[in-house]
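# Structure assessment
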Amino acid sequence: MLQRSIKKRWLAVLTALLLCIGLAAPVLADSADIPAAGQTIDLQVRVLLRRLQITDRMDVSLSSAYGLRTAQGTEVYLPGGSQVSFQLKENSIFVYCGSLTLNGGGDLTLTRYADPDASEIGFRRVNYPALYQGDLRLKISDGVLLPILTLHVEDYLLGVVPYEMSNSFPLEALKAQTVAARTYVLRKRSSEGDYDVVDTTNDQVFRGYVSGYVNAEKAVEETYGVCGFYKGKLAQCYYAASNGGQTELVESVWPGGGDYGYYAVMDDPYDVENPYSVVKSVTLQKSYTNEEHDIAPYGLRNLLATVLREELTALGLDPAPASIRVHTISDVALSGEGKRMDTLHLTVQISGRTRQDAPSPATDADQEEVELILAGSGETASPLVAPSPTPSSEVTIEPSTAPSAAPSATPAPVYGPFTVIEQPFTLDIPVFPTAEKLLAMSISSNYENELWTMVETDTAYRLEARRFGHGVGMSQRGAEWMAGRYQKTYQEILAFYYPGMSLMRYDFAENALPAAPEALAATPGPAPTPTPRPTLMPVSQQPAESQWIALVTGIDNDSSLNLRSLPDLSGEIVMRLYKNQRLLVLERCEEDGWVKVRTDVAEGYVMESYLTAE
């Protein structure tokens, strides 16, 4: 792998060579007609590696020489090739490297040294491919390890751009993404706190450097130092996956003030035209026969059960989705301001049914207790009906020494026949959060701002929701379409999404890495055995009919999938599942997209989209 500084020197040599033989030199941002920002800065960014889910242990392999420094002043030289284990014990960070064992206290740092013999400068987590081209700080915070990486902003971008926007996107779209990401992180940089940004979508996804993303690397190289400015200061370049066809204002999503005159609410035809922009939809038929294969979808029945709970209860009917049959739907419409719809209107005729819960039979233990109570009053108990007398204060009940009988199964409720409710219901339902959640139309769990539209046909109403993310600033899908379909440059893309923002180029000072002190440059003992990845749980139970075995595949190698207690993102996390974990899928849930799964160790719910049938 060529490091950033090596690449720049190589490009300079290549440019001179091409000029000598009469060919055109490569066009970089350094030579483009983008004005300088007027200052040179030495820029490092601090990234909290939250997505690694480090708690009490971190194992790293050094690709080049590092110096270990503790808050107590201890310094240790670690040559390239060393494998180091950091473990949290007794409120201290213990360091293990070969024969070295060191109590590092509550705060320590791995700092890069110049290493001319190393082919790459940085470290990796043991068993993972990504290279982290920076210094690592580990400190104890709230009883866990807090890993913070400090690296040059251009190296940071190599771990951001191919994950925020696919390497397969057109180069000009990747350049626009690079400038937006660079501007965003520089604006976030601060002298306060332990870190500037986190490595998740709370800021920007950062996964370290992995070779092979040629287009993304080229986008970083060819926009070196280019940032967005407004009134002479760094802009705040927000961006999202898809805006649904209309850009959003900053203050509409994050109230609190600020001068954001380079944003505007405007239609985005490029996002809508892109077939890869996320769209969720639900079809409501105008009539249902309620035969076996023509029943209204669960989401609609769940919505009606929720909004009609009081009316159904007043009629003596069961307010549950299973007790609702939809006959006709009419007059479906959406209303709101601009393109943001906030109310769903519809008229619906339904049938309902009564429900009567059967009384629970008394268990042997219950019956024995009743008999003991009545023994003190001289009464006898019926074996079929257990009265509930108030025991006298003089009656003493001794606990039974006999083992309790197994509880009886809960009796099934008794339902009445479905009966048509003659009067149709005309409903005005809030889109957020009621209709959005119950019709499973949510696209972004953090925002309630999808753009809804409705298309009517002869037989149905089709509701569609668009917008993946907050919708502020650049749409990544829109940028992809602008560059690929319409051959727009990255300058044109940025001008469209940030009207009023100008581009200028920083000249970043190159930091020469310090040489290792000779007194510390001693070879440590043999490296420790690397810690293997977490062991996957066994699944010994064979699937029954309608069950199957699946593998967790839809996550990254260094990530995990949450096993939840409920088929909903609000359910508590039971545990984390790792890639290629086998699961017995017990059933598909009525909640859209969720399945119930089991291993020999745990049981819970996951999204089926993350699984592949074995």
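Residues numbered from 1 in each chain as written. Predicted model: local features only at pLDDT ≥ 70, side-chain atom pairs only at ≥ 80, totals over all residues. Heavy atoms only, no water.

## Here's the deal with the overall build of the protein chain
Assigned secondary structure in the protein chain consists of 13 helices and 34 strands. Relative to its 614 residues, the protein chain shows a buried fraction of 45%. Here the contacts in the protein chain between residues at least 6 apart in sequence split such that 71% fall between residues at least 24 apart. Accessible surface, the protein chain as shown: approximately 30,500 Å² in total, 51% of it carbon and sulfur. (Helix = DSSP H or I, 4+ residues; strand = E, 2+ residues; numbered from the N terminus. Buried < 20%, exposed > 50% of the residue type's maximum accessible area, 1.4 Å probe, protein only. Contact = heavy atoms within 4.5 Å. Areas by Shrake-Rupley, 256 points an atom, 1.4 Å probe, with all protein chains shown as cover.)

## Considering the sheet that holds strand β5 (residues 75–78)
The 7 strands lie next to each other as β5-β4-β9-β11-β12-β2-β13, forming an open sheet whose pairing is mixed. Looking at strand neighbours, the two that pair on one side only are β5 and β13 (197–198), the edges of this open sheet. (Pairing = 2+ DSSP bridges.)

## Quick look at the pairing of strand β27 (residues 502–508)
Counted residue by residue, β27 has 5 buried out of 7 residues, so it is predominantly covered. Examined bridge by bridge, strand β1 (residues 36–41) and β27 share 3 bridges and lie parallel to one another. Its bridge partner being in β27, threonine 40 is matched across the sheet by aspartate 507. As paired strands, strand β14 (residues 226–230) and β27 are joined by 4 bridges and run antiparallel to one another. By the bridge assignment for β27, glycine 228 is matched with leucine 503.

## Quick word on the packing of helix α4 (residues 171–188) against helix α5 (residues 214–222)
With their axes 8 Å apart at the nearest point, α4 and α5 run at an angle of 60° to one another. Put simply, α4 runs oblique to α5. In the crossing of α4 with α5, the sense of the turn from one axis to the other is right-handed. On α5, the residues that touch Leu171, Leu174, Lys175, Thr178 and Arg182 of α4 are Asn215, Ala216, Lys218, Ala219, Val220 and Glu222. (Axes fitted to C-alpha atoms, helices over the stretch in contact; angles between N-to-C directions. Parallel < 35°, antiparallel > 145°, perpendicular 65-115°, else oblique. Left-handed = near helix turned anticlockwise from the far one by under 90°.)

## Let's talk about helix α13 (residues 490–497)
Because an α-helix packs 3.6 residues into every turn, residues spaced three or four apart end up facing the same way. Within α13 the residues assigned to the buried category are Tyr490, Ile493, Leu494 and Tyr497. Each buried residue of α13 sits inside an arc of 95° when the element is viewed along its axis, so together they form one side. The inward-facing, buried residues of α13 contact α4, β14, β26 (474–475), α12 (476–486) and β27. (Arc of directions from axis to C-beta.)

## Remarks on the confidence of the model for the protein chain
Across the protein chain, the average pLDDT comes to 86, with 84% of residues at or above 70. The model gives residues 1–31 a pLDDT under 50, and that stretch makes 41 contacts with residues more than four places away or in other chains. Every residue in residues 523–531 scores below 50 in pLDDT, and together they form 20 contacts with partners more than four places removed in sequence or on other chains. (pLDDT = per-residue confidence, 0-100.)

## Examining the packing of aromatic side chains
Under the counting rule described, the total for this entry stands at 17 aromatic pairs. For the pair tyrosine 184 and tyrosine 238, a centre-to-centre distance of 6.3 Å together with 65° between the ring planes defines the contact as edge-to-face. Linking tyrosine 184 in helix α4 with tyrosine 238 in the loop between β15 (233–234) and β16 (239–240), this pair joins segments that are 54 residues apart in sequence. With respect to class, tyrosine 184 is no different from tyrosine 238; both count as buried. A centroid spacing of 4.9 Å and a plane angle of 40° characterise the contact between tyrosine 262 and tyrosine 263, whose relative ring orientation is tilted. The lysine or arginine in question, lysine 286, covers the ring of tyrosine 461, its NZ or CZ lying 5.1 Å from the ring centre. Over the ring of tyrosine 415 we find arginine 353, and its NZ or CZ is 3.8 Å from the ring centre. (Phe/Tyr/Trp six-rings, centres within 6.5 Å; stacked < 30°, edge-to-face > 60°. Lys NZ or Arg CZ within 6 Å of the ring centre and 35° of its normal.)

## Focus on unusual backbone geometry
Here the amide bond leading from phenylalanine 432 into proline 433 is cis, since omega sits at 0°, within 30 degrees of zero. With respect to the helices, strands and loops of the structure, proline 433 is situated in helix α11 (residues 431–438). Notably, glutamate 90 is not glycine yet its phi reads approximately 50°, a positive angle. By secondary structure assignment, the location of glutamate 90 is in the loop between β6 (83–89) and β7 (92–97). Backbone geometry at serine 546 places phi at a positive 75°, although glycine is not the residue there.

## Focus: the sheet that holds β1
Strands sit in the order β1-β27-β14-β15 across an open sheet of 4 strands; the sheet is mixed. Only two strands of the sheet have a single neighbouring strand rather than two, namely β1 and β15. Helix-sheet contacts for α4 involve β14, β15 and β27, and the interaxial angle to β14 is about 65°.

## Notes on the pairing of β7
Regular strands show a simple pattern: their side chains alternate between the two faces of the sheet. In terms of burial, β7 is a largely internal element, 5 of the 6 residues being buried. Alignment of β6 against β7, held across 5 bridges, turns out to be antiparallel. Note on β7: the bridge partner recorded for glutamine 87 is phenylalanine 94. In this structure, the hairpin formed by β6 and β7 is closed by a connection of 2 residues, where glutamate 90 is found at a positive phi of approximately 50°. Of the pairings in the sheet, the one linking β7 to strand β8 (residues 100–103) comprises 4 bridges and is antiparallel in character. If you follow phenylalanine 94 over to β8, its bridge partner there is asparagine 103. Connecting the antiparallel pair β7 and β8 is a turn made up of 2 residues, with glycine 98 showing a positive phi of about 60°.

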